[in-house]
Structures are given as C-alpha cells and as structure tokens.
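Structure at a glance
Each chain, written out:
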Amino acid sequence: MDILTLFLIVPVITILVLFFAKNLQQARVIALIGMFVQFLMSFHLVYAYFQERKTNQDLMVFQRDFVWFEQFNIHYIIGVDGISVAMIVLSSIVVLAGVFISWKMEELPKEFFISLIVLATGVFGFFISLDLFTMFVFYEIAVIPMYLLIGIWGSGPKEYSAMKLTLMLMGASAVLLVGILGIYFNSNADGGALTFNILEIAKVNIPVEAQKLFFPLTFIGFAVLGALFPFHTWSPDGHASAPTAVSMLHAGVLMKLGGYGVFRVAMYLLPEGSMLWANFFIVLAVIGVFYGALAAIHQTDLKYINAYSSVSHLGMVLFALLMLNKTAWTGAILQSLSHGFMTALFFALIGMIYERTHTRDVKKLGGLLKVIPFISVMYVIAGLASLGLPGFSGFMAEMQIFVGAFQHPDMFHRIATIITVSAIVITAVYILRVVGMMLMGPVKNEEYNTLPQATWYEKTGVLLLLIPITFMGVVPFWITEMVRESIQPFIERLL
Amino acid sequence: MSTESFLLMRHEIILTVILLLVLVAEIFSKNKMIVFYVATGLFLVHTVTGFIPQQEGFLFGKMYHTNELLHFVKNVLNVGVLIILLQSSGYIKEKLVPGHKSSEFVMLIFASLLGMYFMISSGNFLMFYMGLELSALPIAALVAFETMKRRSAEAGIKFILLAALASGTSLFGVSLLYASTGTVYFQEMAALLSYSSLSITGFIFFFAGIAFKISLVPFHFWTADVYEGAPIGITSYLSVISKGAAVTILTIILFTVMQTFQEVIHILLYIVALATMFIGNLFALRQKNMKRFLAFSSIAQAGFILLGLMANDQLGISTVVYFITIYVFTNLAAFGVIQAISLKTGKEDMEDYTGLYRTNPRLSLVMMLALFSLAGIPPVAGFFGKFFLFTAAASKGYYLLVFLAVVNVTISLYYYLLVIRAIFLRKSENPIPFFKSDLMMKIGLLITVIGVLLIGLYSPVYQYIFDLSKL
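All residue numbers here refer to positions counted from 1 along the written sequence of the relevant chain. Chain labels run from A onward and ligand labels from 1 onward, assigned in the order the entries are written. Restriction of local features to residues with pLDDT of at least 70 applies here, the model being predicted, together with a cutoff of 80 or more for giving and counting side-chain atom pairs; totals for whole chains, interfaces and linings are based on all residues.

What chain B contains, in helices and strands, is 20 helices and two strands. In terms of overall dimensions, chain B is globule-like: its C-alpha atoms have a radius of gyration of 21 Å, near the 23 Å expected for 471 residues. Overall, the C-alpha framework of chain B stretches about 65 × 55 × 45 Å when taken along its three principal axes. Put plainly, a residue is buried at 20 or more neighbouring C-beta atoms within 10 Å of its own, exposed at 12 or fewer, and partly exposed in between, counting only other residues' C-beta atoms, which are placed from the backbone. Looking at the 471 residues of chain B, the share that counts as buried comes to 58%. Working definition: helices are DSSP H or I runs of at least four residues, strands are E runs of at least two. Numbering for both runs from the N terminus. We compute the radius of gyration from the C-alpha atoms alone; for a globule the expected value is 2.2 Å times N to the 0.38, where N is the number of residues.

What follows deals with the overall build of chain A. Helix and strand content of chain A: 21 helices and two strands. Radius of gyration (C-alpha) of chain A: 22 Å, near the 23 Å computed for a compact globule of 495 residues. If you line up chain A on its principal axes, its C-alpha atoms span 75 × 60 × 45 Å. Taken over 495 residues, chain A has a buried fraction of 61%. Once local pairs closer than 6 in sequence are excluded, the contacts in chain A between residues at least 24 apart make up 79%. We call two residues in contact whenever the C-beta atoms placed from their backbones are within 7 Å.

Let us now look at the environment of A:Leu369. Residues and elements named next belong to chain A. As for its placement among the helices and strands, Leu369 is situated in helix H16 (residues 368-371). Leu369 sits in the partly exposed class, given 18 other C-beta atoms within 10 Å. C-alpha separation for the pair Leu369 and Met438, spaced 69 residues apart in sequence, amounts to 8.3 Å. If sequence neighbours within four positions are ignored, Leu369 has contacts with Ser376, Leu439 and Met440.

With respect to the secondary-structure elements, B:Val81 resides in helix H4 (residues 68-96). Not counting residues within four places of it along the chain, the set of residues in contact with B:Val81 comprises B:Phe43, B:Ile109, B:Leu113 and B:Ile241.

Right, let's get into helix H14 (residues 314-345) of chain B. The span expected for a helix works out to 1.5 Å for each residue beyond the first. For H14(B), which comprises 32 residues, the first-to-last C-alpha distance of 46 Å matches the rise-based estimate of 46 Å (1.5 Å per residue) to within 8%. Within two residues after H14(B), B:Gly346 carries a phi angle of roughly 75 degrees, on the positive side.

Attention now goes to unusual backbone geometry. Going from A:Phe229 to A:Pro230, the amide bond is cis rather than trans, its omega being 0 degrees. Structurally, A:Pro230 can be placed in the loop between helix H9 (208-223) and helix H10 (234-241). For the bond running from B:Val217 to B:Pro218, omega is 5 degrees, close enough to zero to count as cis. Within the secondary structure, B:Pro218 is located in the loop between helix H9 (197-214) and helix H10 (221-229).

Another aspect to go through is the interface of chain B and chain A. With 24 residues of chain B at the contact, the number on the chain A side is 25 residues. Those elements giving two or more residues to the side of chain B that touches chain A turn out to be helix H17 (381-395), helix H18 (399-425) and helix H20 (460-468) of chain B. Per-element tally for the side of chain B that touches chain A: the top contributor is H18(B), with 13 residues.

A pair of packed helices is captured by two measures, namely the crossing angle of their axes and the spacing between those axes. Residue and element names in this part refer to chain B. Fitted lines through C-alpha atoms serve as axes, helices being fitted only where they are in contact, and the angles separating the N-to-C directions of these axes extend from 0 to 180 degrees. The interhelical angle for the contact between H4 and helix H19 (residues 439-457), taken along N-to-C directions, is 145 degrees, at an axis separation of 7 Å. Crossing geometry of H4 relative to H19 is assigned as left-handed. On the side of H4, the interface is formed by Ile83, Leu86, Gln87, Ser89 and Gly90, while H19 contributes Met440, Met441, Ile443, Gly444, Ile447 and Thr448. Here the nonpolar group is Ala, Val, Leu, Ile, Met, Phe, Trp, Tyr, Cys and Pro; Asp, Glu, Lys and Arg are the charged ones; every other residue, Gly included, is treated as polar. Partitioned by chemical class, the residues of the contact of H4 with H19 number six nonpolar, five polar and no charged. Helix crossings get a hand from a simple test, with the near helix turned counterclockwise from the far one by less than a right angle marking a left-handed crossing and a clockwise turn marking a right-handed one.

Our next topic: helix H7 (residues 150-181) of chain B. Since there are 3.6 residues in each turn of an α-helix, residues three or four apart along the chain are aligned in direction. Helix length check: H7(B), at 32 residues, gives a terminal C-alpha distance of 46 Å against a target of 46 Å (1.5 Å per residue), a fit within 8%. Two residues or fewer after H7(B) comes B:Gly182, characterised by a positive phi angle close to 80 degrees.

It is worth spelling out the confidence of the model for chain B at this point. pLDDT is a residue-level measure of predictor confidence that goes from 0 to 100. With 100% of its residues at a pLDDT of 70 or more, chain B has an overall mean of 88. Confidence estimates for the predicted assembly give a pTM of 0.92 and an ipTM of 0.90.

Here the focus is the packing of helix H1 (residues 6-18) of chain A against helix H2 (residues 24-55) of chain A. Residue and element names in this part refer to chain A. H2 packs onto H1 with a crossing angle of 175 degrees between their chain directions and a minimal axis gap of 9 Å. As summarised for this structure, H1 and H2 are arranged roughly antiparallel, according to the angle between their axes. Taken together, the residues of H2 that come into contact with H1 (itself represented by Leu6, Phe7, Val10, Pro11, Thr14, Val17 and Leu18) are Ala27, Ile30, Ala31, Gly34, Val37, Gln38 and Met41. Taken together, the residues of the contact of H1 with H2 sort by class into 11 nonpolar, three polar and no charged. By definition in this entry, angles of less than 35 degrees are roughly parallel, angles greater than 145 are roughly antiparallel, angles of 65 to 115 are roughly perpendicular, and the rest are oblique.

All names here are of chain A. Here, a strand pair is defined by DSSP locating no fewer than two bridges between the strands. With six bridges connecting them, strand S1 (residues 61-69) and strand S2 (residues 74-80) associate as antiparallel partners. Of the residues in S2, the one forming a bridge with Phe69 is Ile74. Between S1 and S2, which pair antiparallel one after the other, the connecting turn spans four residues, and Asn73 there sits at a positive phi close to 60 degrees.

Below, the discussion takes up the pairing of S2(A). Counted residue by residue, S2(A) has seven buried out of seven residues, so it is predominantly covered. Burial along S2(A) is two-sided: the residues A:Ile74, A:Tyr76, A:Ile78 and A:Val80 and A:His75, A:Ile77 and A:Gly79 are all buried.

Before going further, it helps to spend a moment on the environment of B:Lys101. Residue and element names in this part refer to chain B. Counting through the fold element by element, Lys101 comes out in the loop between H4 and helix H5 (102-120). Using a count of 16 C-beta atoms within 10 Å as the deciding quantity, one classes Lys101 as partly exposed. Residues Lys101 and Val449, spaced 348 residues apart in sequence, show a C-alpha to C-alpha distance of 30 Å.

Now the structure itself:
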C-alpha cells in the first residue's frame, strides 16, 4: 500500500467503524484512534519525504497513477512536494486537536465525528491530488459536511450561517468547475491529448487568450475559500455559528485549501493569466487585509473578532501569492501554516471560555487570567503569535511576505505593501484590546471565580497546536527549506 | 422471417408474454397478491435475462431497429420498473388489492413499458408515434388510478388532454417533414432533409411533442399537478422511465435524422435548456409538497440533460445515457422514501419530514444520498453524471451555457438543502414515528442506494456506455 493513499484509507475505515459506535464513549475513542494513526502517519511522511528527496529530484514524490475515467483521461494521481507535506502535517494536527476538543460532544456524537472525519478525508485528498478532477471531487467532499456540522451542532443563527456558507462555497466551486473545464479543453494546445493531470498541463503552453479568460474563474473559485474580499462574508458567520472543533478545522484547514489551490492550479497552470490579472486581485486582497483588521476592532464577539482576523490574515496569503516571487510565496505558504495552527488554537480557547462562561461577549468578561490561568496564558501566547511577535511562527511568515512584496520597485506595489503592513498595527490593537479587557483587570462576574480549570483533553488539544507555533518560530529553517525548495519549479514557470 | 430475427425483439416479446400471463392469472387466481408477486418475479427474470448481449439489427423493413445502446437503455428501464414494482408492493397490498385493482396496475405499467420499447426502437416515424401513444395512454389511466380522489382524477384528465395535444403536435410536425421529404423512415429522411422553412417548422413541431414528454419549458405545466395527483409509484414511473425513454428517442432522432438542422438544434436547445433549468429551479424553491418539489426538480434535471445534447457525437450520447442511468436510481431512491413514508403515515409535506433523522435514521440517510446525488455532490453518482454533461457541452465551446448551468446547480442545492435541513437539522414536536417498511420496499431502496453509490465511483460503467454509444 502506498504511503499517500493510506491518508484516505485510514479516515474511511474510521468512518465505517464509527457507524457501529453506540455512544459518545465509543465514538470518541474510535475517532481518536483513527486520527491519532493519521497524526503519526503524517510525521512518518515528513521523515519519508526527506529520505526520498535525497535521491529523487522530481517535482512530486511518492507519485502513483491509476486510470479512473479513461475516456476523459481522468486519473487518480497522487504525489506530494514539500508544500503538500507541510499542509498534511497541519491538517492532521488540527484534526486530532479537534477530536480532543470535542471530547464532550453530547448530541449525536457518532454523526458528529463521522461528519468531521468526512471533512478531513476531503482535505487530505485535496492536498495529495495532482489531477484537477480528483482535486475538485475532494474539494466538494470537504465543503459539504460543513452544512451538517454547523447546522446541527452550531449555535446562534446556525441554519442561516450554514446555508450561507454552503451556498457561497458551492457557488465558488461552480465557478471553479468552468475554469477547470476551460483548462482541460485547452490542455491539448501543443497537440497532445486532453488531460486533467496538473503536471502534464504545466508542460503545455495554453493560449494567452484562454488564460486571460479562465484565470479569474479559477482564481475566484479557490480564493472564495480563502476569504477573498468581497466574497468573504460566509466566513465570519460560519465561524461564529460553528461548534468549536468545526471552527478550528474550518479556519485552520479548510480555508487553506483556497490559497493552496490558487497556488497549485490557478498560478501554476495559467502563468500568463496570473500576471495579467495580478494587479486587479492585489487591490481586492489589500482591501481584504485592511478591512478584515478594521472590522475585527469593532467586534465584541470573540469568534467574530477571530473570524475577521482570519479574513485579514488570509488576505495576506493571497496578497503574497499575487506578488509572484519566491520570497513572498515562501511567506505565503508559511503564513498559511502559521495561521492554521494559530487560529485553530484561538478557536479552541474561545470554545473553552464559552463553555465555562456561556458568553463570548468581550465586554462581559474580565479578569479571567486569575481564574483560569492555563487557558488565559495560552490565549495571550496565541495573541502574540498572531500579531507577529518574533519567536513565533507569524513573524517569520509576515517578514518574508513583506520582504518579497518590497522587491517590486513600482509605485503600485509599494503603496499596496505599505497599506498591508499598516494592517499589522491594527492587528496589535484588536488583539491587545481583547487581552486587556478579557484577561486582565478585576473579575467582572462573581460566578466566574468558580470556573473549572482546563481538563486533560483540553490541555492536550491546546498543546498539540502550541508546539508547532513555537517550533516554527524558533527553528524555522527546516520548514522554510522544505517549502522554498518546492517553490522553485513553480516560480520558474513565471519567468 | 427467421427465428433469429425475432430474437432481436426479445424484450418486446417476453414482456408481451408476461403481460398476457398476468391477464390469465388475474382471471383464474383468487389471491391477487400472489398474482402481483408472480408478475414481479417474472419481470425480475425478464430484467436479468435482458442483460444477455444483443446484436444490432433491423426488422419489418427497417421499421424496427435495435442495437447495443438501445438494448442497454431498455435494460435500464427494466431495472427502473422493477424497483418501482418493489417499492409499490406495500401500496398495492394495502390500497389496491381490496379494490381488486392490483393486476390492472401491473398490466398497465407493462403495457406502457412495452410502448416505450417500441418508441425507442423505432426506425420510422409511424412506429415512433405508435410507441408514443402506447406508452402514454396506460399512464393516463394509471395517473387517475385513485378515481375516488379528486386530485388523482383531475391529474388524469390533465395528463390525457395535454398528452393528446402533444402527440397531435408531434404528428403534425412529422406530416410536415413527410411533405418535404416524402418518407417517414429515419434513414431515408436523414439523407433527404434539406434546409427549408417547411422542414424546419416540421422539426420544431415534432420537438414540441417530445418536449412535452420530457417536460421541458414551456411544455412543463402539467408536470407538477400530475405528479402530485398520481399515486407515488406512477409519479416515479413518469419522472424516470417515461422521461428516460423520451430523452433516448430524442437523442437518436436529433443525432441521426435531424443532423441537417444542427445550427437550429443548437439554438433551440440552448434557449430551452436555459429556460428549463431556471424555471424548474426557481419554482422548486417554494414548494411545500414533496411530490411537487421533486416535480420541479425533475424539470430542472431535464434542462441539464439538454447540455449533453449540445455535443452531437459519441461523447454527447454517452453522457446523456449515463446521466439517465444515474437519474433512474437517484430519483427512485427519493421517491421510494416518500412512498414509504406516505404509505405508513399519509404525510407528504416537507414540514412533516422535520426531525425525521432522529426517528428513522436509515430512511433519512437514503434520502440524503438521493438529494446529494440530485444536487450533484461527490462522491455519489449524480456528481459524475452532471460533470460529464457539462464536459460534453464545454467540448463544443459553450462555456457560458455551462456557467449558467452551474449557477443553477447552486440554486438547486439550496432547495435540496432545505429538505436536508428539515430532516437533519431541526427537531420536531411531532415527528414521524419509527416504522418498519416491508421487505420488498427495503430491497427496492437497497438497489437504488447501491446504484447511487457505485455507478459514479465505479468508472467501467461509464466506459461501457461510451463504447456502446454508436448510432
């Protein structure tokens, strides 16, 4: 059995076994075992990847190719490079942490874990596919469980948020579908056969006219998932209504599919199109970064603050990708990873606070640092990482983004970069404001003095996410090397 | 004529024999339920033996024509009818046997199916017309089967009047085509047809008649009322079998006989496809009754099918036939659940389905699979069916049409999710209580579920259809 397909087989088996679970106790143990195996496998994958790289200089390693629909030349092709390996590690950690955080899921536990793992299956499948069709299939598999996850286990206006999120993302995938078909029917421009294989299409010179037409479709199709302004509105509502583990997966992993897809499909396959359209989308990305940060200042609901902060941070990923150079792209990938861990951590902590105090309103909370020190300290750390303090993952990601962005000497890029940099200051404002109001000061509510401390499963979940953040901040070279190396062939397509 | 050439019409002959046997059994048997079981058993044998391969050939001076593709379509229709019979067993036992109407029900279905066979195998417009009528008249009787119910009788009248009008229109179109070419044989007409206003008018009238059967906009007005009034088994028959057969013959006639009018066909299909998708979807948004809801959803699905017809080659035919195959299983899964619930509780409204998952999880899951397949969400079969239809349209460069179609997919997703929302998301004070369906219903649902799960993921099915798709 090859090492990558196992990433699909393990969750599928877990799902099948989960169907026989009788209660919460069984369901969570089964889910935990399955996802723990997945977690170990992802680390084994990193090791195997470095071993393989020593001898194998292909763009993608561990490639497997099976014909699926012969007539359309649809294959099940899988393979990974440094970027996908990093994304797989991110996903497996966040999913495992999500299972820990959902340890006390009382309502329909079996169905909850099944939906959660279906989502995870989609995500893993997306990151290993090298075939546009297969990739698209996994993309949709990852999106649709969100409807049930938010709709059944969510809070607040959950039906509305679930519907909005699903329709917007499915609408985006509809646009993407046209883009993919457009790429497919132009993949024989050099006289070869029609193909969905990304690596094959990359060798073809797709006519510029077609690139011009299909780049925006493909870009928007993916970027909606990466919260591109003005298509980001699904994200805050979705986050706010989702249960904790789902918010974590949603912001930590699912939204990464957007940036990854833009990078892997839109920009790699349609390089001329991306150069033609870059400036237009940079404007949107910059608005997203700035607007997201400003909106976060005005929110009082913890989840909304974080949701808008995600819009801002992911806008930065798109911004960096559109800079079309190596340094910025490395920054973009690192920012994706760093934001994945960080937001997942944030949402996990918000979930814990909410479970104890039954409110997410910053104004009603206060002095939590004295009452629940573990959770509060973690929140401070996550906040500092989020505003880009050196020593955490956020700093080195943003650093590279801005260095990359400043390599463009023209006025347009300069202004865009300056606006984006200034958004970081705003980030500091909304993070420190929350920390100040919620954690410091006197305890506002008598009842809060008796709040229970973090339990073992909560601590495990939190630590799982905290370790990579600090690791990436303190020893960034391995991961930077892994990503930079893999970016090289992509950047060459542009020159 | 030798025995071998008679074997070409194996399907028709066996079905006629079964029909006559049921008639005889009805006369001599006291226990009507046994007649039904025997009929179902015989039909099962017919369905299974149908999969024995068949050669291409002509009969009766090219009036009758069959080949591997048509043979396959007939098999799909057989499987569909078999599922309908299985799903209807409870209904027949409880509602029809006491009124001594069970055998008529079965016989009329078989007679209509026989008409479908002749219709898709026709090589001549007169044969086609005969098949069309033979398939439509029994349905009219079936729609009005619950004569004591006002809705059912109303639906029956509506159906027969409009069906007569439609086949009259179609026949008028054929007469114009005959006037311009002097023949009613498909092959000869294909060679003789030329661009003239007479023949184009004839083609458009002919198309209108078929469009009625497939319920394309603007010939869709009967659909919702008839679907609502008819017994559920018949509604499912109308929505999959009748539609599937009509789409098949339309494909054949468009791609073989009418190739001269290619440009007209493309314009016509473009407009009709858009109108059908948008109107079907927008009307479906506000439906409260599950049968009406699926009626409009099936109108929209017909619009998607037309996208496959935009590609006039092997690809186009194969995607259309593939989609029909998937559609048979998908829609029958949805109607099966509605039938099961309606039989036990008499409830047919979307409201009544609230909180269904908590009392009847299995039925809910079947419904979810069916709706996801209709909405085109992977990994269930409907996704592959739709994706390939869109690929067929895009292969001819109709990107804008594909784009508008995927917009429609998103709209349709909204109302399918409304049902999912009622079943899974909400809790009800007064949910449908837990119940057990009879064995035949369970088997019927199981077959559809297997179909929905496998036809898409298991790619040789598509490859098989593609290899057959030569006209």
